[in-house]
Amino acid sequence: MPLGITIVLIAAWARLTLGADVATEIANTTPGNTKVALEDYLESHRRQFAAHLDDYNNRIDALHKLFEKNLETIEIQKQLLLDRIRQAEERLFPLELLNEQSKKCVSKYRNDMPNSARTQDDISECLDVAKYQLRVIGTEPRELLKTLNNYYANNFEKSISNCLAEVNTPYTCIEEQIFNANEFTVDHNLKFDEQMDNSEHYARAHIKAALNCSFVIDFQAVMAIAEIKLNIDLCMKSNDNYCMCKQGHTCNNLQRVPLSDLNSENITITNSLYGTSNTCLLLTASSEKGDMTSTESPPKS
């Protein structure tokens, strides 16, 4: 049951118990010189207090939903990655049937393929850590919400009941209690906003950690698939690290260059031919497209 409805029910119970219905017949003048029934005046403030509680509760729930929504994207990414691994594995089977060389190449690099079960477990672990943190997100704001609810349902209603027992001057007494309740609300509203900011910061930090965790696993798996594809392709065109460049030209001087070494701001690269008897150099970079740049010389006659 929403907290706002709870307060209204408690207020109704108080009126029935204490015979507060008599107060509804008392007309008083508000600060704006407007005639208003005392009970209507009370109910308007009770509704305001109930609205505060409902708003706080909705904001906490919204924070949890935001956290859960971000975790759902990781789950989707996990399924996409598992599909990619499965498709990469399926592409290996027809390659094995081409010839003995292709079968040998696939057999050599198949074990480098990311394991689907292990990948799934690793990403699930990222999610489990984040979901564990979800349990404590919004704890402080919820405690403050309980404090406010307890104040409205007990302290405020008890003081109002005492005021209604004063037949001569209930309105003045009630105005004072409403003023106190409003001050209590404002003070706790500032605390609630601060606690919600802290909770949101905490939630976003753990969302980021979970996303980074899954991204690393995804990136490593994708790069491994790309490298396997490149290695098998090179192997099928030659014997292991012996590469056919083009018809009439061969190069067995293969040098693998990590992507991190390819700096677009540097116009030079280490010359591996210097001081050797090699006449060609084949550079390979481990990327999905498998770009190759070769410097070669015609075969000797």
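These numbers come from a predicted model, not from an experiment. (Residues numbered from 1 in each chain as written. Predicted model: local features only at pLDDT ≥ 70, side-chain atom pairs only at ≥ 80, totals over all residues. Heavy atoms only, no water.)

Let us look at the overall build of the protein. Helix and strand counts for the protein come out as six helices and seven strands. For the protein, the N- to C-terminal ordering of α and β elements is α-β-β-α-α-α-α-α-β-β-β-β-β. When burial is assessed residue by residue, the protein has 35% of its 301 residues classed as buried. Nonlocal contacts in the protein, meaning residues at least 24 apart in sequence, comprise 74% of its contacts between residues at least 6 apart. (Helix = DSSP H or I, 4+ residues; strand = E, 2+ residues; numbered from the N terminus. Buried < 20%, exposed > 50% of the residue type's maximum accessible area, 1.4 Å probe, protein only. Contact = heavy atoms within 4.5 Å.)

What follows is about the layout of surface pockets. Of the volumes computed, that of the largest pocket is approximately 310 Å³. If you trace the largest pocket, you find 16 residues lining it, with Ala88, Arg91, Leu92, Ile225 and Lys229 closest to the centre. Those elements that provide at least two residues to the lining of the largest pocket are α2 (38–96) and α6 (170–237). In terms of residues, the lining of the largest pocket owes the most to one element, α6, which gives eight residues. Per-class residue counts for the lining of the largest pocket are 10 nonpolar, one polar and five charged. (1 Å grid on protein atoms, 1.4 Å probe; cavity = no way out; pocket = protein on both sides within 12 Å on 5 of 7 lines; lining within 4 Å. Points joined across faces, edges and corners; volume = space filled by probe spheres on them. Nonpolar A, V, L, I, M, F, W, Y, C, P; charged D, E, K, R; others polar.)

Counting 51 residues, the largest nonpolar core has Phe67, Leu71, Phe156, Ile174 and Ile232 as its most contacted members. Every element with two or more residues in this core is listed here: α2, α3 (100–109), α4 (116–134), α5 (139–164) and α6. Of all the elements, α6 adds the most residues to this core, at 17 residues. With residues up to four places along the chain from it excluded, the contact list for Phe156 reads Leu42, Arg46, Phe49, Tyr151, Gln177, Ile178 and Ala181. (Core = buried A, V, L, I, M, F, W, Y, C linked by side-chain atoms within 4.5 Å.)

Looking now at the confidence of the model for the protein. Scored by pLDDT, the protein has a mean of 77; 69% of the residues are at 70 or more. Across residues 240–245 the pLDDT falls below 50, and counting only partners more than four positions away or on other chains, this stretch makes 23 contacts in the model. (pLDDT = per-residue confidence, 0-100.)

Turning next to the packing of α2 against α3. Packing of α2 against α3 brings their axes to within 8 Å, and their N-to-C directions diverge by 150°. Looking at the two axes, α2 sits roughly antiparallel to α3. Residues Leu92, Leu95 and Glu96 of α2 form the contact with α3, whose participating residues are Ser102, Lys103 and Val106. Its residues assigned to classes, the contact of α2 with α3 comprises three nonpolar, one polar and two charged. (Axes fitted to C-alpha atoms, helices over the stretch in contact; angles between N-to-C directions. Parallel < 35°, antiparallel > 145°, perpendicular 65-115°, else oblique.)

On to the packing of aromatic side chains, then. One pass over the structure, following the stated rule, counts seven aromatic pairs. Note on Phe215 and Phe219: the rings are 6.1 Å apart at their centroids and 25° apart in plane angle, and the pair reads as stacked. Placement of the pair is Phe215 and Phe219 together in helix α6, with a separation of four residues, close to one helical turn. On the basis of relative accessible area, Phe215 is assigned to the exposed category, the value being 52%. Each residue in the set Phe49, Tyr151, Tyr152, Phe156 and Phe184 is aromatic and connected to the rest through ring pairs, giving one cluster. Over the ring of Phe93 we find Arg110, and its NZ or CZ is 5.2 Å from the ring centre. (Phe/Tyr/Trp six-rings, centres within 6.5 Å; stacked < 30°, edge-to-face > 60°. Lys NZ or Arg CZ within 6 Å of the ring centre and 35° of its normal.)

Next up on the list: the state of the cysteines. Under the defined criterion, the tally for this structure stands at three disulfides. Put simply, Cys105 and Cys235 are joined by a disulfide, and their sulfur atoms are 2.0 Å apart. Here the disulfide of Cys105 and Cys235 is left-handed, its torsion about the S-S bond being about -80°. Taken together, the residues Cys105 in helix α3 and Cys235 in helix α6 connect sequence positions 130 residues apart. In this pair, the class of Cys105 matches that of Cys235, namely buried. (Disulfide = S-S within 2.5 Å.)

Moving on, we come to the pattern of salt bridges. Scanning the entire structure with this criterion turns up 14 salt bridges. The closest approach of N and O atoms between Glu39 and Arg46, which form a salt bridge, is 3.0 Å. Overall, the relative accessible area of 6% leaves Glu39 in the buried class. Classification of Arg46 by relative accessible area gives buried; the value is 2%. Taking the shortest distance from any N to any O, the salt bridge between Arg86 and Glu90 comes out at 3.1 Å. Taken together, the residues span about one helical turn, with Arg86 and Glu90 both in helix α2 at a distance of four residues. Here the residues in one salt-bridge network are Glu39, Glu43, Arg46 and Glu157, joined through shared partners. (Salt bridge = Lys/Arg side-chain N within 4 Å of Asp/Glu carboxyl O.)

On the surface, Phe215, Val216 and Phe219 cluster together into a nonpolar patch covering about 310 Å² of accessible area. Relative accessible area serves as the criterion here: at 46%, Phe219 is assigned to the partly exposed category. (Patch = residues over 30% accessible without salt bridge, like charges linked within 9 Å, V, L, I, M, F, W, Y side chains within 5 Å. Areas by Shrake-Rupley, 256 points an atom, 1.4 Å probe, with all protein chains shown as cover.)

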